[in-house]
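What follows is the residue order along each chain.
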Amino acid sequence: MVKGLSFRKDCRECGRTFLTPDRQARLCPRCSERVAEKIKQKQKTLQKQEKKAPPAAKTSRQIPPPGLRLSDELRAQILKEHEVYREEKHLAQRKVHALIAKKLKVKKLLVA
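Throughout what follows, the structure given in this document is the object of discussion.

Basis of the calculations
- Residues numbered from 1 in each chain as written.
- Predicted model: local features only at pLDDT ≥ 70, side-chain atom pairs only at ≥ 80, totals over all residues.
- Heavy atoms only, no water.
- Helix = DSSP H or I, 4+ residues; strand = E, 2+ residues; numbered from the N terminus.
- Buried < 20%, exposed > 50% of the residue type's maximum accessible area, 1.4 Å probe, protein only.
- Contact = heavy atoms within 4.5 Å.
- Areas by Shrake-Rupley, 256 points an atom, 1.4 Å probe, with all protein chains shown as cover.
- Core = buried A, V, L, I, M, F, W, Y, C linked by side-chain atoms within 4.5 Å.

**Remarks on the overall build of the chain**
Alright, step 1. Secondary structure assignment for the chain yields 4 helices and 2 strands.
Alright, step 2. In the chain, the order of α-helices and β-strands from amino to carboxyl end is β-β-α-α-α-α.
Alright, step 3. The buried share of the chain, taken over its 112 residues, is 16%.
Alright, step 4. Restricting to contacts in the chain with at least 6 residues of sequence separation, those with at least 24 account for 20%.
Alright, step 5. Of the roughly 10500 Å² of accessible surface on the chain, 52% is carried by carbon and sulfur atoms.

In structure tokens form, the structure reads like this:
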């Protein structure tokens, strides 16, 4: 009695030759168990690492830190400089902020 086709395959892990009805099989039965255990271990370590990592703090970019305040004089200078770059449409807003901040020697957050 013939039970079906068997294919002779070489294991990718150990190089051992084995017979299998699955033509796409790449691992022998012994190595397939080992590989499954390795995958489970990796998943467990990844889960542990995710639990250990603190969540990233979400901050609003529009609110300057408490130590930085914008005076009326500085606000007037920033608005004056911004008028120069208003006509240049090819520059991104963040580039304009960076240029103004560099020129006035203040942080970009204050300019924004």
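**Some remarks on the nonpolar core**
Alright, step 1. Grouped together as the largest cluster of nonpolar side chains are 7 residues: Leu-74, Ile-78, Tyr-85, Val-96, Ile-100, Ala-101 and Val-111.
Alright, step 2. Looking at this core, the elements with two or more residues in it are helix H2 (72-86) and helix H3 (93-104).
Alright, step 3. For Tyr-85, the contacting residues outside a window of four places in its chain are Leu-91, Val-96, Leu-99 and Ile-100.
Alright, step 4. Counting residues in each nonpolar core, the second largest holds 5 residues, with Phe-18, Ala-25, Cys-28 and Cys-31 among its members.

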